[in-house]
Amino acid sequence: MKNKGRIFILFLVGLVAAGLAVYLYFLSFNRVVQERFEGQLWELPARVYARPLELYSGMGLRSDMLEKELGLMAYQKISFAGDLDGPGKYSRSGNTFEIFSRSFDFGDKKLSSHRLEVKIEKDRVAVLKGLGGYNIPDMVRLDPVLLGNFYPASREDRILVDLDKLPSLLPKTIICVEDRTFYTHHGVVPKAIFRAMLVNLKNRKMTQGASTITQQLARNFFLTKKKTLGRKLNELFMAGALELNYTKNDILEAYINEVYLGQDGNRSVHGFGLASVFYFGKSLQDLNAPEVALLVGLLKGPSYYNPRKYPDRAIKRRNTVLKEMALQGILSEIQEKKALARPLGVIKQPNRANSPFPAYLDLVKRQLLKEYREEDLRSMGLKIFTALDPQVQLAAEHTVGVQLDRLARNRGLNKKKLEASVVVTATGSNEILAMVGGKNFRSRGFNRAIDARRPIGSLIKPAIYLTALSHPDDYTLVTRVADEPINIPTTNGGDWAPRNFDRKYRGQIPLYLALVNSYNVPTVRVGMDLGLAQVLDTLHKMGFKRDVTMYPSSLLGSLEMSPMEVAQIYQTLASGGFYSAARSIRAIYKSDGELVQRYPLTIEQHLDPAAVFLLNKMLQAVVVEGTAKSLKNIMPIDLGIAAKTGSSNSLKDSWFAGFSGNRLAVVWVGRDDNRSCKLTGAAGAMQIFGHLMARIPNQPLALVSPENVEWAVIDANSGLLTAKTCPNAMAIPFIRGSAPTKTVSCTPWSSSPNTSGKKEKPRYLLDWLRRLIK
């Protein structure tokens, strides 16, 4: 009896010890579950979006550009408008579009879907109206193009959704297919486990599971996918811990966001929120019954039932789920019949993980890293809304591709060696609308728009003449400057003798003519008279940030800048002397819609608006009668474009910078090996500028005269006041108090001095200047 009592006591002790061990084992799992769920459950990639397309009657819009942007937005083109049965689809008949737009969460505003008609006539929206009972506002905003993502190291991608905001069809279908007793069990179903054990014992291997939704979530979060008895035991403990600490809805929501549903290259697609976009190009709220059934069916094997690779398998699996939904009363018999007859409806091309515009995404990332840690960008699920205009971007890429080919073909250049970069901004806000980093548009390599610093040639000249015009007591538009040989001592004991491009000299010429025709010698004379320090100070006021050492040769553009830096300094001219930093980002939101930061427009007056006004008049003259006069052969001259050509020594770099009333563009053409591209600014970069600006909506540049600018009638030959009836008379703007006070009688046309000794009729201050400034 004593031995039996001792055995019984030992048994009880062992039982208690085993129970205590099991309890402690469970507590360890419970702690892991609590720590994981109380922190950030997932690392969420940041998503970067373009500006949303806003449609309104009368807006400038080309039919081909609208269709291209819809393609970038992964809208499905439908042959017949009658098949436009859901968001993310469109049809086109001539220049008339029917669009079923998607819903979208902008953070501060949730966009609902609309069905609308857009009719375009003469590159403008002529008709904008709702269809099928949809009432639309005067301006319709579409969902934006996804530019790219910043992924965590795991390369897991997902779009988080809230269970209480989802249509009930999805959770009902998941429970129907995966775990019918989900709301009644406590994490495990013993009968199902016992049944699975018998099957596995019979097969002598782990072939069948009995996992509830809770067990599946525990396995996905905490355990490996290897089928072993130990892992199964741990799975039970984890499931119990989840059920103990969290509600059924918490568990189901986590499951909906966690499950693996596909692969896109090295990016794994997790959660139903992203799967809906990946397979159907729309949000979960917009899915119909057969689409929901397909996604739920993928839980059994996303690779095996991949609808793009194995559509027959996928449709068979979808139909199995639909029949189960009907058996469980989720669908009626009629709904089941209609759903079974529908095609898969999977979009051919999902929004890819790789950015369609990597140069612009590179710019955005650089700006973000000035304020955020990279690990935060890759894990916080930020929504980043940018200023990129896909239509301007596509136009820039198209133009670069076509014009580089044309230049290489027509001029016998090495096409493989020729490169280009482009920056386009909005003059009113200095938002960067487009960026081309090189002719390989999808390459993530060297971004020439930001990183390629090249000699800017004559693009520096406006800074010199702006400096001069800021001293109205010394310089006006008609101040005579010497276009005569000059020698400047250098630091090595020699002399530097700048020459004009055509190797000619013209004697005394008015200031404006030196810039309009980009004469080097008078430019150097003016710059040296002002002082290199003053010219650099003007460049800094225009927005050039780096400190550099200036040399006399800098006055002819040996100074190196990137296209982005050039765009910044010309932007200050386009805004009338008011500086605003270039911006690519408009706003950033957290995944839950909370605003993180806005990037509003900030403006500082850096330059005298009157001096800038006079300079911009000269830059308009560059296009009408100067080095860029052939631009009129490419685009409408009535836009009043203000611009400047530029080229560096030996024609290694071809530059063009110019602006209309609403757009500014800077173009560089050259070679990465720093050898001559054999193109002047007008022959190379200007060709890209002109064809690009002709493809995008532009407003005329109408320069407004500041209050401190006055007008005077001047004699062209002498630069003195004269009667307006004289043949050489023209109206000239002056900063108040700088106009000449002496008067001259009417004079006939006189000869203009030149090196050849021939008599020439003066070309300066003729009809083109009258037209520009009166």
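Please read these numbers as outputs of a predicted model, since none were measured by experiment. Residue numbers restart at each chain and count upward from 1, following the sequence in its written direction. With pLDDT at 70 or above as the cut-off, local features in this predicted model cover only qualifying residues; side-chain atom pairs require 80 or more to be listed or tallied, and sums for whole chains, interfaces and linings still use all residues. Calculated side-chain values reflect all of the structure's heavy atoms, with hydrogen atoms and water omitted.

Draft legend 1. The arrangement of the overall build of the protein in detail. By definition, any uninterrupted DSSP run of H or I lasting at least four residues is a helix, any uninterrupted run of E lasting at least two residues is a strand, and each is numbered from the N terminus. Along its length, the protein carries 23 helices and 32 strands. Any residue under 20% of the maximum accessible area for its type is buried, any over 50% is exposed, and the rest in between are partly exposed; the area is computed with a 1.4 Å probe on protein chains only. With 774 residues in all, the protein has 55% of them scored as buried. In what follows, a contact means two residues having at least one pair of non-hydrogen atoms within 4.5 Å. Taking as baseline every contact in the protein between residues at least 6 positions apart, the subset at least 24 positions apart corresponds to 68%. The Shrake-Rupley method, run with a 1.4 Å probe sphere, supplies the accessible areas, and residue values consider only the shown protein chains as cover. Approximately 35200 Å² of the protein is accessible, and the part contributed by carbon and sulfur atoms is 53%.

Draft legend 2. Broad picture of the sheet that holds strand 13 (residues 260-264). In this scheme, strands are said to pair when DSSP sees at least two bridges between them. Strand order in this open sheet of three strands is 12-14-13, and the pairing throughout is mixed. Because the sheet does not close on itself, it has two edges, and the strands there are strand 12 (156-157) and strand 13. One ladder, built from four bridges, connects strand 13 with strand 14 (residues 267-270); its direction is antiparallel. Within strand 14, the position partnered with Gly262 by the bridge is Val269. Across the sheet, helix 8 (residues 271-280) touches strand 12, strand 13 and strand 14, and the angle it forms with strand 14 is around 115°. Here the axes come from fitting lines to C-alpha atoms, over the contacting stretch only for helices, and the angles between their N-to-C directions go from 0 to 180 degrees.

Draft legend 3. Local environment of the state of the cysteines. In what follows, a disulfide is any cysteine sulfur pair within 2.5 Å. Counted according to the given criterion, the structure contains one disulfide. Shown here is the disulfide that connects Cys726 with Cys746, its sulfur atoms set 1.8 Å apart. Across the disulfide from Cys726 to Cys746, rotation about the S-S bond amounts to roughly -75°, and the bridge is consequently left-handed. With a gap of 20 residues between them, Cys726 in the loop between strand 31 (709-715) and strand 32 (729-735) and Cys746 in the loop between strand 32 and helix 23 (767-773) connect regions that are remote in the sequence. Overall, Cys726 belongs to the buried group, its relative accessible area being 5%.

Draft legend 4. Representation of the packing of helix 8 against helix 9 (residues 289-297) in the model. Interhelical geometry of helix 8 versus helix 9 gives an angle of 115° and a closest axis separation of 11 Å. Here helix 8 runs over helix 9; the crossing is right-handed. Where helix 8 approaches helix 9, its residues Phe272, Ala275, Ser276, Tyr279 and Phe280 are matched on the opposing element by Glu291, Leu294, Leu295 and Val296. Taken together, the residues of the contact of helix 8 with helix 9 sort by class into seven nonpolar, one polar and one charged. Should the near helix be turned anticlockwise from the far one by less than a right angle, the crossing is left-handed, and should it be turned clockwise, the crossing is right-handed. Just so you know the grouping, Ala, Val, Leu, Ile, Met, Phe, Trp, Tyr, Cys and Pro go in nonpolar, Asp, Glu, Lys and Arg go in charged, and all remaining residues, Gly too, go in polar.

Draft legend 5. How the structure looks around the environment of Lys652. Tracing the sequence through the fold places Lys652 in the loop between strand 28 (642-647) and strand 29 (653-659). Overall, Lys652 belongs to the partly exposed group, its relative accessible area being 29%. Residues Lys652 and Asp672, spaced 20 residues apart in sequence, show a C-alpha to C-alpha distance of 9.7 Å. Setting aside residues no more than four positions away along its own chain, Lys652 makes contact with Arg454, Val669, Gly670, Arg671, Asn674, Arg675, Ser676 and Cys677.

Draft legend 6. Structural view of unusual backbone geometry. With a phi angle near 60°, Asp123 is a residue other than glycine that sits in the positive phi range. For Asp123, a relative accessible area of 45% corresponds to the partly exposed category. Located in the positive-phi region is Ser518, a residue other than glycine, with phi close to 55°. With respect to the element layout, Ser518 can be found in the loop between helix 17 (511-516) and helix 18 (520-530).

Draft legend 7. Spotlight on the sheet that holds strand 25 (residues 585-589). Ordered by their spatial adjacency, five strands build an open sheet running 11-1-15-25-26, and the pairing between neighbours is mixed. The sheet is open, and its two edges are formed by strand 11 (146-150) and strand 26 (595-598), each paired on a single side. Pairs of neighbouring strands in the sheet enclose a mean axial angle of 15°, with direction left out of account. Looking at chain direction, strand 1 (residues 46-49) and strand 11 are connected through four bridges and run antiparallel. Across the sheet, Ala46 pairs through a bridge with Phe150, a residue of strand 11. On top of the sheet, helix 12 (residues 358-368) reaches strand 1, strand 11, strand 15 (383-386) and strand 25; it is set at about 50° to strand 11, its chief contact.

Draft legend 8. Inspection of the environment of Phe544 at higher detail. Tracing the sequence through the fold places Phe544 in the loop between helix 19 (532-542) and strand 23 (560-561). Taking the C-alpha atoms as reference points, Phe544 and Ile569, 25 residues apart in sequence, are found 6.2 Å from one another. With residues up to four places along the chain from it excluded, the contact list for Phe544 reads Leu539, Leu559, Met561, Glu565 and Ile569.

Draft legend 9. Molecular detail of the packing of aromatic side chains. Two aromatic rings from Phe, Tyr or Trp, using only the six-membered ring of Trp, form a pair when their centres are within 6.5 Å; if the ring planes differ by under 30 degrees the pair is stacked, by over 60 it is edge-to-face, and anything between is tilted. Applying the stated criterion to the full structure yields twelve aromatic pairs. Taking the centre distance of 5.4 Å and the plane angle of 20° together, the rings of Tyr49 and Phe385 count as stacked. Of this pair, Tyr49 sits in strand 1 while Phe385 sits in strand 15; the two residues are 336 residues apart in sequence, bridging distant segments of the chain. Overall, Phe385 belongs to the buried group, its relative accessible area being 8%. Ring-pair connections join several aromatic residues into one group, and the members of that group are Tyr49, Phe104, Phe106, Phe385 and Tyr589. Two conditions define a charge located above a ring, namely a distance within 6 Å from the ring centre to NZ of Lys or CZ of Arg, and an angle within 35 degrees of the ring normal. Its end group placed over the ring of Tyr304, Arg313 keeps NZ or CZ at 4.1 Å from the ring centre.

Draft legend 10. Seen up close, the confidence of the model for the protein. pLDDT runs from 0 to 100 and stands for how confident the predictor is about each residue. On average, residues of the protein carry a pLDDT of 87, and 86% of them reach 70 or more. With pLDDT under 50 throughout, residues 750-774 is counted as low confidence; its partners more than four residues away or in other chains account for 53 contacts.

Draft legend 11. How the structure looks around the pairing of strand 14. On strand 14, burial covers both faces: Arg267 and Val269 on one face and Ser268 and His270 on the other are all buried. Two elements, strand 12 and strand 14, share two bridges in a ladder whose sense is parallel. Paired with Glu156 across the two strands is Ser268, which belongs to strand 14. Linking strand 13 back to strand 14 in an antiparallel pair, the connection comprises two residues, with Gly265 at a positive phi of about 65°.

Draft legend 12. Spatial organisation of helix 9. The element helix 9 is extensively covered by neighbouring structure, given that nine of its nine residues are classed as buried. Turning to helix 9, its buried residues are Ala289, Pro290, Glu291, Val292, Ala293, Leu294, Leu295, Val296 and Gly297. Residues of helix 9 that are buried sit in contact with helix 3 (169-178), strand 13, helix 8, helix 10 (311-327) and helix 11 (333-341).

Draft legend 13. Here's a closer look at the nonpolar core. As used in this record, nonpolar core signifies buried Ala, Val, Leu, Ile, Met, Phe, Trp, Tyr and Cys residues forming a set joined through side-chain atoms within 4.5 Å. Val118, Tyr360, Ile384 and Leu539 are the most contacted members of the largest nonpolar core, which has 163 residues in total. Take this core: its biggest share by element is eleven residues, from helix 21 (residues 609-625). Ignoring anything within four residues of it in the chain, the contact list for Ile384 reads Ala46, Arg47, Val48, Tyr49, Phe150, Val364, Leu368, Ile585, Ala587 and Ile588. Core analysis: the next-biggest nonpolar cluster, separate from the first, contains 43 residues, Val161, Tyr246, Leu274 and Leu299 among them.

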